[in-house]
Amino acid sequence: MYDNYPQHHVPQNNIVQRFFAQPAGAIVLEMVMAIVITVAAGSAFDFFDPFHAAPATSEYQAAQATVAQAPLLPLWDASLAYLSQRRFVAAEAVADVAAASDPTEPLNHALLGTINLRSSDYAEAQSDFSTLLSLAPDSFDAHNSLCWAQGELGEFTSALRHCEAALQSAKSPLQQASALENRCWLQVEMAAYVAAASDCLAVLELLSGCYNEICALAHYNLGRIALARSEPAAALQHFNLAAQIGSAYAPMYLELARVYASMGYDDAAERSLARYQQLNIGALIAK
């Protein structure tokens, strides 16, 4: 379920900068986003950090970059505002206008990809982040999000390559944790439980005591691993921690509802199902 572009000097209080400064699981925000990454997932999701370290530019070049992006800032603001309200159709419509205005701006494709991850349109998200990767080959967010999107599409071999690339390009403990959690989830999907458990435990070690969405997803996946190993007590412990921390990843709550119902915890099952429906309604409308 969180790039390697030149730094641009945008207003400090601009919603774009505030959005992309959030921790990764909040993307895949609240993920985002994130990031899922938030896909993030990522509340998260620095579901994704659109700007990584880049060669220094002159003040003149920096000023040129600011002027060039200025027409896009209102579009980004509007799209992100719609995204925060889970109004995916409106968010994508505005982001499409921004991308048409400047198809070479990586952030446009990162934004479109995040919207599609959040609305569970994984095929479109794969296309968006592939375009982002063509513009920024070392992009952490492109690789991390492709790991997630392709995993959801069942393209496990390619997804795993992107997981590995995301880990190699991670520039911070938070990014490393996001990439590890993504790979953990993917390996659970592949029934590679030993490797998956190692990754998710590494996340909890990196982010000790955290209440970040990345940690929620790590506990969720450790719970799935415990169930696969016929360890219901351990699974319940991890699922309870995942629910306590919280996530914007709707499928987590559907699985929690199923597990709680099977164990006779009807109230917890109802709460999880209600949260799943709340998170999923926007994606259903978007489709």
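Parameters and conventions
- Residues numbered from 1 in each chain as written.
- Predicted model: local features only at pLDDT ≥ 70, side-chain atom pairs only at ≥ 80, totals over all residues.
- Heavy atoms only, no water.
- Disulfide = S-S within 2.5 Å.
- Buried < 20%, exposed > 50% of the residue type's maximum accessible area, 1.4 Å probe, protein only.
- Helix = DSSP H or I, 4+ residues; strand = E, 2+ residues; numbered from the N terminus.
- Contact = heavy atoms within 4.5 Å.
- Phe/Tyr/Trp six-rings, centres within 6.5 Å; stacked < 30°, edge-to-face > 60°.
- Core = buried A, V, L, I, M, F, W, Y, C linked by side-chain atoms within 4.5 Å.
- Salt bridge = Lys/Arg side-chain N within 4 Å of Asp/Glu carboxyl O.

1. Side note on the state of the cysteines
Scanning the model with the defined rule gives 3 disulfides in all. The partner cysteine of C210 in its disulfide is C215, sulfur to sulfur 1.7 Å. Overall, C210 belongs to the buried group, its relative accessible area being 18%.

2. With respect to the side chain of H143
With respect to the secondary-structure elements, H143 resides in helix α7 (residues 140-152). Under the relative-accessibility criterion, H143 is labelled buried at 11%. Those residues within four positions of H143 in sequence are excluded, and the remaining contacts are L133, P137, H162, A165 and A166.

3. Section: the packing of aromatic side chains
Inspection of every chain in the model, using the stated rule, returns 3 aromatic pairs. Residues Y122 and W148 carry aromatic rings whose centres are separated by 6.2 Å and whose planes lie at 50° to one another, so their mutual orientation is tilted. Of this pair, Y122 sits in helix α6 (residues 122-135) while W148 sits in helix α7, and the two are 26 residues apart along the sequence. Classification of Y122 by relative accessible area gives buried; the value is 12%. You can call W148 buried: its relative accessible area is 2%.

4. Some words on the environment of A136
Within the secondary structure, A136 sits in the loop between α6 and α7. A136 gets classed as buried once you look at its relative accessible area, which sits at 2%.

5. Overview of the environment of E105
Its place among the elements puts E105 in the loop between α4 (88-101) and α5 (106-118). By relative accessible area, which is 9% here, E105 ends up buried. Separated by 30 residues in sequence, E105 and L135 place their C-alpha atoms 8.1 Å apart.

6. Description of the nonpolar core
Among the nonpolar cores identified, the biggest contains 48 residues, and W76, L117, F239, Y249, M252 and Y260 are the most heavily contacted of them. Residue contacts for M252: discarding those within four places in its chain leaves A216, L217, Y220, A242 and S247. Residues L180, A196, L207 and C210 belong to the second largest nonpolar core, which totals 17 residues.

7. Digging into the pattern of salt bridges
With the rule as written, the count across this model stands at 4 salt bridges. Here D199 ties to R183 by a salt bridge, and the two come within 2.6 Å at their closest N and O atoms. Taken together, the residues span a long stretch of sequence, with D199 in helix α10 (residues 193-206) and R183 in helix α9 (residues 173-189) at a distance of 16 residues. Judged by relative accessible area, which is 5%, D199 ranks as buried. For R183, a relative accessible area of 15% puts it in the buried group. Of the charged contacts in the structure, one is a salt bridge between R258 and E255, with a shortest N-O distance of 2.8 Å. Note that R258 and E255 are positioned in helix α13 (residues 250-262) at a spacing of 3 residues, about one turn of the helix. Judged by its relative accessible area of 48%, R258 is partly exposed. When salt bridges that share partners are traced, they join E164, R183 and D199 into one network.

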